[in-house]
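Next come the chains, spelled out residue by residue.
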Amino acid sequence: VVTRLRMRRGWSTIAALGVAVAMGGLGHAAADDAFPLLSRVIDALHVLTVGAWMGGLALIAWMHWRSTPVSSGGHEDWQAFSRIATVAAPLVVLTGALAGWRRLQLAPLDQGATNQVSFATAATSDYGILLGAKLALMLVMLALGYKHRRRVLREHAPSWNTVYTELALAVVVFVVTGVLTGTAPPGE
């Protein structure tokens, strides 16, 4: 049984990496002429860390909802997930910030950019407004995640109401992201 579980985990890891790399090659990252590899790596890491954070949270919620006998979102599950999310969430923010900076071609990271735009222009563009909405939603999700982490460290499971709220916000973020990827950054 253990060998079978390890094989499944290995295949799952390979599949997750494949999806992350494939997703990193789509959207705005694929259109980055100045640093195409960097943009794709940033996007792949972003997809991978979002999947670890939100996928893990969704999995625990699904197990709780189904009351799966193997696990129903017990404390050990929360401890394991909390350790992963504590690393993944900041990486989501970092890779998202880097990707946004690259798309908006803001100084100082893009000193050689030919179509550099001002922060004011970027912030008031459709792309900037969507990016700001995504950031605001992410801040709320991070606050909920922090609240969950504190409860787990005190040997308690998070409130299911806040878990489901965080997942609902994630769905909204995914929708905003879908619209964002179809929106041209300013200067393009």
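Preceding this paragraph is the structure being described.
The present account deals with the structure reproduced in this document.

## What about the overall build of the protein?
Across its full length, the protein carries 7 helices and 0 strands. Listing the helices and strands of the protein from first to last along the sequence gives α-α-α-α-α-α-α. For the protein, the proportion of its 188 residues judged to be buried stands at 34%. A separation threshold of at least 6 residues defines the contact pool for the protein, and within that pool the share at least 24 residues apart is 68%. Accessible area for the protein stands at about 11,200 Å²; split by element, carbon and sulfur atoms hold 70% of it.

## Thoughts on helix α3 (residues 36–66)
With 31 residues, α3 extends 43 Å from end C-alpha to end C-alpha; this agrees with the ideal 45 Å at 1.5 Å per step. Positive backbone phi, approximately 50°, marks Ser-67, located one or two places after α3.

## Notes on the packing of aromatic side chains
For the structure on display, the rule yields 3 aromatic pairs. Both rings, one in Trp-78 and one in Phe-81, keep their centres 6.0 Å apart while their planes meet at 75°; by these two values the pair is edge-to-face. On the criterion of helical spacing, the pair formed by Trp-78 and Phe-81 is a turn pair, its members being 3 residues apart in helix α4 (residues 75–104). This pair shows no difference in class: Trp-78 is buried, exactly as Phe-81 is. Here the aromatic cluster, defined as three or more aromatic residues joined through ring pairs, consists of Trp-78, Phe-81, Trp-160 and Tyr-164.

## As for the nonpolar core
Generally speaking, a soluble globular protein has its nonpolar side chains buried in company with each other. Core analysis: the largest hydrophobic core is formed by 31 residues, its most contacted members being Trp-53, Leu-57, Trp-78, Phe-81, Met-141 and Val-163. Looking at this core, the elements with two or more residues in it are α3, α4, α6 (126–153) and α7 (160–181). If you tally residues by element for this core, the top one is α7, at 8 residues. Not counting the four nearest positions on each side in its chain, Trp-53 is found in contact with Phe-81, Ala-85, Ala-88, Ala-89, Val-92, Met-138, Met-141, Leu-142 and Glu-166.

## A short note on the environment of Trp-53
Within the secondary structure layout, Trp-53 lies in helix α3. Placed 28 residues apart in sequence, Trp-53 and Phe-81 show a C-alpha to C-alpha distance of 8.1 Å. Of the polar contacts made by the side chain of Trp-53, one reaches the side chain of Glu-166; its length is 3.3 Å.

## Quick word on unusual backbone geometry
In this structure, Glu-155 is a non-glycine residue whose phi angle is positive, near 70°. Mapped onto the elements of the fold, Glu-155 is located in the loop between α6 and α7.

## Quick word on α7
With 22 residues, α7 should cover 32 Å at 1.5 Å per step; its first-to-last C-alpha distance of 31 Å lies within 8% of that length. All of the buried residues along α7 are Trp-160, Thr-162, Val-163, Glu-166, Leu-167, Leu-169, Ala-170, Val-173, Val-176 and Leu-180. N-capping of α7 is provided by Ser-159, with a side-chain oxygen placed 3.2 Å from the backbone N of Asn-161.

## Here we look at the side chain of Ser-82
For Ser-82, the position within the fold is in helix α4. Residue classification places Ser-82 among the buried positions, given a relative accessible area of 4%. When near neighbours in sequence (up to four residues on either side) are disregarded, Ser-82 contacts Arg-149 and Val-152.

## Details of the packing of α3 against α4
Packing of α3 against α4 brings their axes to within 8 Å, and their N-to-C directions diverge by 145°. For the pair α3 and α4, the crossing hand works out as left-handed. Of the residues belonging to the contact of α3 with α4, the class tally is 19 nonpolar, 6 polar and 4 charged.

## Quick word on a nonpolar patch on the surface
The grouping of Leu-59, Trp-62, Trp-65 and Tyr-164 at the surface amounts to a nonpolar patch, some 490 Å² of accessible area in total. Among the elements that make up the nonpolar patch, the one with the highest residue count is α3 (3 residues). Note on placement: Trp-65 falls in helix α3. The class of Trp-65 is exposed, set by a relative accessible area of 65%.

Calculation rules
- Residues numbered from 1 in each chain as written.
- Predicted model: local features only at pLDDT ≥ 70, side-chain atom pairs only at ≥ 80, totals over all residues.
- Heavy atoms only, no water.
- Helix = DSSP H or I, 4+ residues; strand = E, 2+ residues; numbered from the N terminus.
- Buried < 20%, exposed > 50% of the residue type's maximum accessible area, 1.4 Å probe, protein only.
- Contact = heavy atoms within 4.5 Å.
- Areas by Shrake-Rupley, 256 points an atom, 1.4 Å probe, with all protein chains shown as cover.
- Expected span 1.5 Å × (residues − 1).
- Phe/Tyr/Trp six-rings, centres within 6.5 Å; stacked < 30°, edge-to-face > 60°.
- Core = buried A, V, L, I, M, F, W, Y, C linked by side-chain atoms within 4.5 Å.
- Polar contact = N/O pair within 3.5 Å; in protein donor to acceptor, adjacent residues only side chain to side chain.
- Axes fitted to C-alpha atoms, helices over the stretch in contact; angles between N-to-C directions.
- Left-handed = near helix turned anticlockwise from the far one by under 90°.
- Nonpolar A, V, L, I, M, F, W, Y, C, P; charged D, E, K, R; others polar.
- Patch = residues over 30% accessible without salt bridge, like charges linked within 9 Å, V, L, I, M, F, W, Y side chains within 5 Å.
- Salt bridge = Lys/Arg side-chain N within 4 Å of Asp/Glu carboxyl O.

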